[in-house]
Amino acid sequence: MNIDKVLIIDFGSQVTKLIARRVRELGVYSEILNINHLKNIKKLESVKGIILSGGPASVTQKKYPKISKEIFLKKIPILGICYGLQLISKSFGGKVKNNKKKREFGRALLFEKKKSVLTKNFFDKKITNVWMSHQDAVTNLPKGFNKIASTKNSALTIIENKNLNIYGIQFHPEITHTQNGKTLFYNFLFHICKIKKKWKIGLQKKRLIDLIKKKVKGNKVICALSGGVDSSVSALLINKAIKSNLICIMVDTGLMRKNEFKKTYKIFKKKYKLNVKLINASKLYYSKLKNISDPEKKRKLIGKLFINIFEKEAKKNKKIKFLAQGTLYPDIIESRSTTGKSTKIKSHHNVGGLPKKMRLKLIEPLRDFFKDEVRSLGKSLGLTDKINNRHPFPGPGLAIRILGKVTPDKIRILQDADHIFINELINKKFYNKIWQAYAALLPVKTVGVMGDTRTYEHICLLRAVISEDGMSADYFKFPQWFLDNISNKIINNVPGINRVVYDITSKPPSTIELE
Ligand code: XMP
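These numbers come from a predicted model, not from an experiment. (Residues numbered from 1 in each chain as written. Predicted model: local features only at pLDDT ≥ 70, side-chain atom pairs only at ≥ 80, totals over all residues. Heavy atoms only, no water.)

Let's talk about the overall build of the protein
From N to C terminus, the protein includes 15 helices and 20 strands. Radius of gyration (C-alpha) of the protein: 26 Å, near the 24 Å computed for a compact globule of 515 residues. The buried share of the protein, taken over its 515 residues, is 55%. Taking contacts inside the protein between residues at least 6 apart in sequence as the whole, the part at least 24 apart equals 75%. Accessible surface for the protein amounts to roughly 24900 Å². Of this, 52% is attributable to carbon and sulfur atoms. In the protein, 101 positive and 40 negative side-chain charges are present, and the distance between their average locations comes to 6 Å. (Helix = DSSP H or I, 4+ residues; strand = E, 2+ residues; numbered from the N terminus. Rg over C-alpha atoms; globule rule 2.2 N^0.38 Å. Buried < 20%, exposed > 50% of the residue type's maximum accessible area, 1.4 Å probe, protein only. Contact = heavy atoms within 4.5 Å. Areas by Shrake-Rupley, 256 points an atom, 1.4 Å probe, with all protein chains shown as cover. Lys, Arg positive; Asp, Glu negative; His and termini not counted. Charge placed at Lys NZ, Arg CZ, Asp CG, Glu CD.)

Shown next as structure tokens:
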């Protein structure tokens, strides 16, 4: 992208992605580059600042990942975080020691020792709370650097070299537990890198549309439209570029939320005038899934059926040369190996595995963006809030939320329960506070009593989580009255369910879906 940007060099930290998010939240475009790909970078012209991430390596070992001195001396402002700080220190003659006795994990108090542009408005009366995660520590200042702040266990927690525009911090400002972490990024971006241009996803629309036009020329693009945010925004964007040359296929597997698929189809066809074809394959899916309980087998079968249907459609028109996917930036970085080998898209992505055999070229207009950015783009494209703010939904749909064998009867029961749950979340204004919520059916029946009659019915499990990107999550803390109401409502309105439970596990150790 040819706009002012910040390059984040990734040394393998679990939270590098958060650095990119924080920078973009402040209106500056950022890209993550794996340390192993650094050699491939040709020019640093539009790079206005470099951030070195944390990582599992140690500069106290014989071999450790590093960047060339040449990059350090380019006078492009550099901010090293955790491993980044240690690497800066080592590269400029400082000392880094592995000290098990003085390691810091979790919250730590940071004390200001000297004023710095980096820490403007960061401290509250010379003290603040930061989040640490390290065992190695810088013990001797590198040449030309000053000490800015210390904790009890590590004297050199923030250092700077104003002449070279190089800054290092031991804690993690990208993690929300660090008080005012955003202020540090703000100071780095706007006072040190002096970036003026404010980056906004909405302003990217025209550029993205032009890029698609250029790439596709007079050919056709096929797109699997599920009605989820990612595929919907991709489809609207591509439609703006090439109109009816975009062919959207909606495969109704019968495994979607209640009534949602047909409603979404109508919206795309009538409101957005997309060239969209609805294929009803629910009977085929139900019959093939009939005797399968194993979740991985379900996934494979559902994926294979989908590919067959999709392939058949793609073959119908020789002018189809491209396949559109709603791949997002986290899909790309999560699947990039830290050893720098090939990039593979997350295997559970909806249409992963499709293109090779079909020899279609990929179009992934959202591959540079995070989910919240995609939602902003959706908004600027006029996508209705109902779709734009919709919770994520897995490709295999309700099949992995019905544990054990999938039957049309169980699907109907689950769709009804889920519908009640989701509507209640919307009515009671919880929906937009939750990252993802759904109902599932457990594979056991239990005894109940309704009126004077004994029942033997399904258990409905409700799950609602808060998360930033689905990689980790915590369960949503509902008030007691909501849980009371929803349990009653589901049992009173959905024959087939006589017990409702709420899942109170986070991820990890659990996952979001039950499978
Ligand atoms: P887990 O269950 O792994 O899920 O914690 C993390 C997020 O991924 C979604 N998910 C999927 N999304 N195709 C998708 O597009 C899939 O096959 C799939 N499986 C899980 C899940 O709903 C959650 O948001």
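Some thoughts on the sheet that holds strand S13 (residues 246-252)
Taken together, the five strands give an open sheet; going across it, the order is S14-S13-S12-S15-S16, and neighbouring strands pair in parallel fashion. The sheet terminates laterally at strand S14 (276-280) and strand S16 (361-363), the two strands that pair on one side only. Each adjacent strand pair in this sheet contributes to an overall mean axis angle of 30°, direction not counted. Pairing of S13 with S14, which is carried by five bridges, proceeds in the parallel orientation. Pairing of Cys248 across the sheet is with Val276, part of S14. Along the sheet face, helix H5 (residues 205-216) touches strand S12 (220-224), strand S15 (320-324) and S16 and points at about 165° away from the line of S16. Helix H9 (residues 295-315) rests against S12, S13, S14 and S15 of the sheet, and its axis sits at about 160° to S12. (Pairing = 2+ DSSP bridges. Axes fitted to C-alpha atoms, helices over the stretch in contact; angles between N-to-C directions.)

Here's the deal with the sheet that holds strand S10 (residues 158-161)
Pairing is mixed in the open sheet, where nine strands are placed in the order S2-S1-S3-S4-S11-S10-S9-S6-S7. The open sheet has two free edges, formed respectively by strand S2 (29-34) and strand S7 (127-134), since each of these has just one partner strand. Looking at each pair of strands side by side, their axes are set apart by 25° on average, direction ignored. Pairing of strand S6 (residues 104-112) with strand S9 (residues 146-150) involves two bridges; the strand directions are antiparallel. Looking at S9, one finds that Glu112 is bridged to Ala149. In the packing of helix H1 (residues 16-25) onto the sheet, contacts are made with strand S1 (5-10), S2, strand S3 (47-52) and strand S4 (78-81), and the angle to S2 comes to roughly 160°.

Considering the state of the cysteines
By the definition in use, this model includes zero disulfides. Not part of a disulfide, Cys82 finds its nearest cysteine sulfur in Cys193, a span of 20 Å. By relative accessible area, Cys82 is classed as buried at 7%. (Disulfide = S-S within 2.5 Å.)

Focus: helix H14 (residues 408-427)
Relative to the 28 Å expected for 20 residues at 1.5 Å per residue, H14 spans 28 Å between its end C-alpha atoms, a close match to the ideal helical length. Residue Lys429 follows H14 closely and has a positive phi angle near 60°. (Expected span 1.5 Å × (residues − 1).)

Considerations on the environment of Ile195
Within the fold, Ile195 resides in the loop between helix H4 (181-192) and H5. In this structure, the C-alpha to C-alpha distance between Ile195 and Gly27, residues 168 residues apart in sequence, is 9.9 Å. Setting aside anything within four residues of it in sequence, one finds Ile195 in contact with Asp4, Val6, Val28, Lys48, Leu189 and Phe190.

Focus: the pairing of S12
With five of five residues buried, S12 lies mostly within the body of the structure. Side chains of S12 alternate between two faces, with Lys220, Ile222 and Ala224 and Val221 and Cys223 buried alike. The pairing of S12 with S13 spans four bridges and is classified as parallel. Bridged to Ala224 within S13 is Ile249. With helix H6 (residues 229-242) bridging S12 and its parallel neighbour S13, the resulting β-α-β unit is right-handed. (Right-handed = clockwise from strand over helix to strand, strands pointing away.)

Some details on the pattern of salt bridges
Between side chains of opposite charge, a pair can form as their charged atoms come close. In total, this model carries 23 salt bridges according to the counting rule given. With a closest N to O distance of 3.5 Å, Glu112 and Lys115 form a salt bridge. Classification of Lys115 as exposed rests on a relative accessible area of 63%. Close ionic contact of Glu424 with Lys489 constitutes a salt bridge, the shortest N to O distance being 3.3 Å. Taken as a pair, Glu424 in helix H14 and Lys489 in helix H15 (residues 480-493) lie far apart in primary sequence, 65 residues in all. Glu424 gets classed as buried once you look at its relative accessible area, which sits at 7%. On the basis of relative accessible area, Lys489 is assigned to the partly exposed category, the value being 36%. By sharing partners, the salt bridges in this structure join Arg21, Arg22, Glu25, Lys182 and Asp372 into a single network. (Salt bridge = Lys/Arg side-chain N within 4 Å of Asp/Glu carboxyl O.)

Some words on the packing of H1 against H4
The contact between H1 and H4 brings their axes to 10 Å, and the two run at 65°. It follows that H1 is roughly perpendicular to H4 by the angle criterion. Seen from above, H1 lies across H4 with right-handed handedness. Contacts between H1 and H4 pair Ile19, Arg22, Val23 and Glu25 from the former with Lys182, Phe185 and Leu189 from the latter. Residues of the contact of H1 with H4, tallied by class, amount to four nonpolar, no polar and three charged. (Parallel < 35°, antiparallel > 145°, perpendicular 65-115°, else oblique. Left-handed = near helix turned anticlockwise from the far one by under 90°. Nonpolar A, V, L, I, M, F, W, Y, C, P; charged D, E, K, R; others polar.)

Here we look at the nonpolar core
Core analysis: the biggest nonpolar cluster contains 50 residues, and Tyr285, Phe421, Leu425, Leu462, Phe478, Ile490 and Ile497 have the highest contact counts within it. Among the elements that line this core, the one with the most residues is H14, at eight residues. There are two domains that each give this core at least three residues, and those are domain 2 (201-388) and domain 3 (401-502). Excluding residues that lie within four positions of it along the chain, Leu462 makes contacts with Phe421, Tyr438, Ala439, Ile486, Ile490, Val500, Val501, Tyr502 and Asp503. Met256, Tyr272, Leu366 and Phe369 belong to the second largest nonpolar core, which has 39 residues in total. (Core = buried A, V, L, I, M, F, W, Y, C linked by side-chain atoms within 4.5 Å. Domains from an automatic or database assignment.)

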